[in-house]
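Listed below are the residues making up each chain.
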Amino acid sequence: MAATDKLSARLRNEGEGDASGGTFAKGNVSHTARRADKDDATNTAADDSEDERVPRTLRDAPAKSDRALATAKMNGRRDKPNKSSKARAKSTDKEESKNKEKKRVPDKLEKEILARSEKYQRGLKLTSTGDDGKEPVAAIKVRSKKAQPKIEHEKRRREHAIIDAARSEMLLTEQAGYLEAEGEMERTYKVTQDQLADSLDINSRAKIFDLKLEEFGPYVMDYTSNGRHLLVGGRKGHLATMDWRSGRLGAEFHVRETIRDVCWLHNENLFAVAQKRYAYIYDHSGAEVHCLQKHVEPTALGFLPFHFLLASTGMTGRLMYQDVTEGRIIGEHKPGYGPNHVLKVNPYNAVVHMGHGNGIVTMWSPRQSQPLAKMLCHKGPVQAMAIDRSGTYMATSGLDGSLKIWDIRNFKSLHEYSTMRPAQSLDISQRGLLAAGWGANVTVWKDALVSKVDAPYMKRLLPSTTVSDLRFVPYDDVLGYGHSSGISSIVIPGAGEPNFDAFVANPFETTKQRQEAEVKQLLDKLAPETIQHDPTFIGRLDPRSRDERQLELLESRRDQYAKDKADGKYLDNEVKNKMKGRNSSAKRFARKRANNIMDLKKLNAIESAEKAKLENEAKRRKIPESEKGALGRFYDEKRATD
């Protein structure tokens, strides 16, 4: 080591001389290096001869303190460690670390990660990304010493998950783009699909098509969660599944019965169909798997992917929940508003929204007999409904011709739009675009949920048709809609999410990946009891102790008793004569007291009543046997019973 230090110092000095005078030569370098190597070899041989105290490899090298202890033991004495020097070293290290933390300023990359992590935080404020070695764990005081490390570990794990999620966003290179007008006089809704196709690539241009199926319309449709497979159903019984990107047909058959709605289940292997009498489940080949006879005359279907529940409503007005993995009926509710054909599932909290004929929208959970909330949305029947994927906004349309945007968090109306005819179908894309189908028109609004817009974003007219259903394709800028003449597909720039999570929905998944995802979904299946209007309520901890909870419960019961006593709900209070007649409060109180008290007056009344009864029986005329006839015996039995 000494020779190496000399060599580096010598080279540094010669380099400085070269920088100053410019006389540094290549030969001098080689000569100096050879001379240094010779000195290094001499020093190494001398060190090896000293009882092999210096190891030849780093693996054989003991620690410095161990080497000192071994030397002291050979000399027959043991050195005592100097505590004061150790304490001074520790204090110096702490001061240096504190000074480094104070001087350290987050760099540009760390600031960006902290800014991106805000959307993933739920009551947890991060101040560091962990790159500096800090573990920003908030101080949580608990009485149990065993629970404290577990809480800190869970806190640290959550912080790392938030930072990893923020870092993964930096790998999302795709960005969403919208259709923009060049000048003030140009409008985006005037751009037709033919004009848009001229500026698209071959793959995107193939997504614009019109499939004419005039014989079995109108059609309803649904896309899988990854946007790869399409399910269409005609009103007159035509069913078909396909991989619409590649144009490969999966299954096509005719059920010879009225079809009102179709719905994919957890993946493209199973789908449900609302037919005339019952709801049916079919597989990817078109074979019938189940006939759900509890779902009578269904008109609308909805699937809860995290709970594996199929929800339906129909002409009976009932809301049915059925577990597709076990086949059990989880819940059955009857709102009491008559037949219903509008049902949507909130993707955020899995609450089912139902639109009724009196303009009311109710929200349901399978384990609660009463609705979670009720909203009067329209003056007439609700025709269509859509909910964004964040669960914040809801769009409804009614027969009064209005299209309203609602904030579900506070159940208030934000703004209102109007259409020439009542919208029969609504849908909200992943990027917040609102689409409405009314008559032969399809209208799309941009930023319509946040603010009131004056003009639509895009629109299309398909003459001689009536739009019956429309759906945005997940992770793609495509809108598909069914009408009386078949199905159509148009391109809506900026509608889909450009970056997808392969662990959530993979449009390019293989058969093996689909099988693994199915098993994982079944293992992560949630219980129906977890469906609440506020999903963050599940898992909250009550910071109060057991004694504090009991004390608060006792105080609330005392307050309720005092309130009821003041309202006159107990008999020890003064009874007020609030109404006239036999059924007044005073009369009821008097009758209760009279029935419980046996005084002399009451006993005399009972005796007089019994005496009168005996006298009446004695006054009855006895009929002789000659006048009884053949049926006289039955008259005697009847009188005896009377």
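Quick caveat: nothing in here was measured; it's all calculated off a predicted structure. (Residues numbered from 1 in each chain as written. Predicted model: local features only at pLDDT ≥ 70, side-chain atom pairs only at ≥ 80, totals over all residues. Heavy atoms only, no water.)

### Brief notes about the overall build of the protein chain
Filter applied, for reference: Where helices and strands are cited, they refer to DSSP runs of H or I of at least four residues and of E of at least two residues respectively, numbered from the N terminus. A contact between two residues is defined here by any heavy atoms of the two lying within 4.5 Å. To be clear on the numbers: accessible area is Shrake-Rupley with a 1.4 Å probe, and residue cover counts the displayed protein chains and nothing else.
Helix and strand content of the protein chain: 14 helices and 28 strands. Relative to all contacts within the protein chain whose residues are 6 or more apart in sequence, the contacts with residues 24 or more apart total 46%. Just so you have it, the protein chain exposes about 41,700 Å², and 51% of that area is on carbon and sulfur atoms.

### Let's talk about the packing of aromatic side chains
Under the convention used in this document: Only rings of Phe, Tyr and Trp enter the pairing, Trp through its six-membered ring, and a pair is recorded when the two centres are within 6.5 Å. The plane angle decides the type: under 30 degrees is stacked, over 60 is edge-to-face, the rest tilted. With a 1.4 Å probe rolled over the protein chains alone, any residue whose accessible area is under 20% of its type maximum counts as buried; one over 50% counts as exposed, and the rest are partly exposed. By definition here, charges over rings are those cases where NZ of Lys or CZ of Arg is within 6 Å of the ring centre and within 35 degrees of the ring normal.
In the structure shown here, the tally under the stated rule is 10 aromatic pairs. A ring pair is formed by Tyr 178 and Tyr 457, whose centres lie 6.3 Å apart and whose planes are at 80 degrees; its orientation type is edge-to-face. Of this pair, Tyr 178 sits in the loop between α6 (147-169) and α7 (193-197) while Tyr 457 sits in the loop between β24 (441-445) and β25 (458-461), and the two are 279 residues apart along the sequence. Since its relative accessible area comes to 27%, Tyr 178 is described here as partly exposed. Assessed through its relative accessible area of 4%, Tyr 457 is described here as buried. Put simply, the rings of Phe 253, Trp 264, Phe 271, Tyr 280 and Tyr 282 pair up and form one aromatic cluster. Directly above the aromatic system of Tyr 417 lies the positively charged group of Lys 452, at a separation of 5.4 Å from the ring centroid.

### Topic: the pairing of strand β18 (residues 382-387)
Definition in use: Any two strands between which DSSP finds at least two bridges are classified as paired.
A large share of β18 lies buried, amounting to six of its six residues. The loop that links β18 with its antiparallel partner strand β19 (residues 393-398) comprises five residues; one of these, Gly 391, has a positive phi angle of about 70 degrees.

### Description of the sheet that holds strand β27 (residues 478-483)
Note the threshold: Note on geometry: axes are C-alpha line fits, over the in-contact stretch for helices, and angles between N-to-C directions span 0 to 180 degrees.
The sheet built from four strands is open, its strands ordered β1-β28-β27-β26 with antiparallel pairing. Because the sheet does not close on itself, it has two edges, and the strands there are β1 (209-212) and β26 (467-472). On average, each strand axis in the sheet is inclined to that of its neighbour by 15 degrees, with strand direction left out of account. Direction of pairing for β1 relative to strand β28 (residues 486-491): antiparallel, over a ladder of four bridges. Each bridged residue has a counterpart across the sheet, and for Phe 209 the counterpart in β28 is Ser 489.

### A look at the pattern of salt bridges
Here the idea is simple: oppositely charged side chains can pair when their charged atoms come close. Our working rule: Counted as salt bridges are all cases of a side-chain nitrogen of Lys or Arg within 4 Å of a carboxyl oxygen of Asp or Glu.
The full count for this structure, using the stated rule, is 16 salt bridges. Asp 476 is paired through a salt bridge with Lys 207; the nearest N and O atoms lie 2.8 Å apart. In this pair, Asp 476 is assigned in the loop between β26 and β27 and Lys 207 in the loop between α8 (202-205) and β1, connecting sequence segments 269 residues apart. Here Asp 476 falls in the buried class, since its relative accessible area comes to 10%.

### Description of the confidence of the model for the protein chain
Stated precisely, the cut-off is as follows: Per-residue confidence from the predictor is reported as pLDDT, a score between 0 and 100.
Predicted confidence across the protein chain gives a mean pLDDT of 79, with 73% of residues reaching 70 or more. In this model residues 1-70 is a low-confidence stretch, pLDDT under 50, and it forms 19 contacts with partners more than four residues away in sequence or in other chains. Overall, residues 76-81 carries pLDDT values under 50, and its contacts beyond four positions in sequence, including any with other chains, amount to four contacts.

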